[in-house]
Amino acid sequence: MLITVLLTISFSAATPAAADVFSFIAEDGTPHFSDQPSDSRHRLFLADKGKESVSSIGKISPRSTTEARHRFDGEILAAAQANRIDVALLHSVVNVESGYNPRAVSPKGALGLMQLMPDTARRYGVADPLNAAQNLHGGARHLRDLLDRFSDDKTLALAAYNAGTGAVMAYGRRIPPYPETIRYVPKVLHLYELLRSSTKTVAN
């Protein structure tokens with residue numbers, strides 16, 4: 001019940017209360033966010049278009065995203081708990097990866113809610129990547145392994161989830177300078193912070 005309430009609040013209230021959000025990745029790989037681009041490195045990554053919600057990151061309609069999110073609340077919670085992952089983080093990854101579309105297929109061949117590549121799906125025993133429960137548990141196990149690999153550094157784990165562990169290591173344990181990854185990591189972290197903030201608000 002709590003996670004359903006917090007997600008409803010965070011996704012419905014985030015955009016009207018926010019202005020454009022800017023970000024940049026510091027030299028040490030740390031992402032920085034601000035609604036006021038006071039640093040020359042700031043670049044727009046989330047526009048406040050009034051009617052557009054954070055869920056538009058997933059590239060499907062906000063209404064469809066809300067309905068799908070509630071449909072998968074229980075399975076996401078189960079996968080998060082089984083793999084010792086903050087449920088808000090797992091929700092954020094699913095939102096940005098697929099917009100909660102269990103049938104999503106990327107041009108590169110990534111599949112399902114957590115956009116698993118076929119090799120990754122096989123590695124984690126996911127027989128059917130388009131099966132929501134299998135995809136979530138396989139993706140959560142993969143994310144848990146990345147968090148363990150990078151000592152629970154979410155920035156590096158997310159960068160590795162998007163670009164691969166080898167790319168993160170090749171660039172000195174920093175976010176690889178790939179445009180997609182540079183956009184991806186701040187999006188997930190920003191959404192994660194929104195969800196965490198909403199959790200604290202509901203708890204209080």
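Higher on the page you've got the structure.
Starting from 1, residues in each chain are numbered consecutively following that chain's sequence as written. Confidence filtering applies because this is a predicted model: local features only for residues at pLDDT of at least 70, side-chain atom pairs given and counted only at 80 or more, and all residues used for totals across whole chains, interfaces and linings. Side-chain numbers come from the whole structure's heavy atoms, not from hydrogens or water.

**Digging into the overall build of the protein**
For clarity, the threshold we go by: Helix and strand definitions here come from DSSP, where helices need a minimum of 4 consecutive H or I residues and strands a minimum of 2 consecutive E residues; each element is numbered from the N-terminal end. For each residue, the accessible area found with a 1.4 Å probe, counting protein chains only, is set against the maximum for its type, and the residue is called buried under 20%, exposed over 50%, and partly exposed in between.
Along its length, the protein carries eight helices and three strands. For the protein, the α and β elements follow one another from N to C terminus as α-β-β-β-α-α-α-α-α-α-α. The buried share of the protein, reckoned over its 204 residues, is 47%.

**Topic: helix α5 (residues 132-149)**
Just so we agree on the cut-off: Here the expected length of a helix is defined as 1.5 Å per residue gap, with one fewer gap than residues. Identification of polar contacts relies on pairs of N or O atoms within 3.5 Å, with a donor-acceptor requirement for protein atoms, meaning one able to donate a hydrogen and the other able to accept it, and with residues adjacent in sequence counted only if both atoms are side-chain atoms.
In this model α5 runs 25 Å from its N-terminal to its C-terminal C-alpha over 18 residues, within 8% of the 26 Å that 1.5 Å per residue would give. Every buried residue of α5 is listed here: A132, N135, L136, G138, G139, A140, H142, L143, R144, L146 and L147. You can read the cap of α5 off the contacts: a side-chain oxygen lies 3.2 Å from the backbone nitrogen of A133, and it is on N131.

**Considerations on the environment of L191**
Structurally, L191 can be placed in helix α8 (residues 179-203). Of the residues examined, L191 reaches a relative accessible area of 2% and is grouped as buried. Each C-alpha atom, one on L191 and one on V93, is 8.8 Å from the other, the two residues being 98 residues apart in sequence.

**A few points about the nonpolar core**
What counts is decided by this rule: We call a set of buried residues a nonpolar core when its members are Ala, Val, Leu, Ile, Met, Phe, Trp, Tyr or Cys and they connect through side-chain atoms within 4.5 Å of each other. Residue contacts are defined here by distance: any two heavy atoms, one from each residue, within 4.5 Å place the two residues in contact.
Core analysis: the biggest nonpolar cluster contains 42 residues, and L90, L143 and L158 have the highest contact counts within it. When contributions to this core are tallied by element, the ones reaching two or more residues are α2 (62-82), α3 (87-98), α5, α6 (154-163) and α8. Apart from the residues lying within four places of it in its own chain, the contact partners of L158 are L89, V93, L143, Y184, V185, V188 and L189.

**Thoughts on the environment of L194**
Relative to the helices and strands, L194 is located in helix α8. According to the relative accessible area criterion, L194 is partly exposed, its value standing at 23%. Counting along the chain gives 102 residues from L194 to S92, while the straight-line C-alpha distance between them is 9.5 Å.

**Focus on the side chain of S92**
With respect to the helices and strands, S92 occurs in helix α3. On the basis of relative accessibility, which here comes to 0%, the residue S92 falls in the buried class. Residues within four places of S92 in sequence aside, it is in contact with V188, L191, Y192 and L195.

**Looking at the packing of α3 against α6**
Helix-helix packing is described using two parameters, namely the angle between the two axes and the distance between the axes. Using the following cut-off: Axes here refer to lines fitted to C-alpha atoms; in helices the fit is confined to the stretch in contact. Angles between the N-to-C directions go from 0 to 180 degrees. Left-handed is the label given to a crossing in which the near helix is rotated counterclockwise from the far helix by less than a right angle, and right-handed is the label when the rotation is clockwise. Just so you know the grouping, Ala, Val, Leu, Ile, Met, Phe, Trp, Tyr, Cys and Pro go in nonpolar, Asp, Glu, Lys and Arg go in charged, and all remaining residues, Gly too, go in polar.
Where α3 meets α6, the closest approach of the two axes is 13 Å, and the angle between their N-to-C directions is 35 degrees. Helix-helix and strand crossings are classified by hand; for α3 and α6 the assignment is right-handed. The segment α3 lies against α6, with L89, V93 and E97 engaging K154, L158 and Y161. Here the contact of α3 with α6 is composed, by residue class, of four nonpolar, no polar and two charged.

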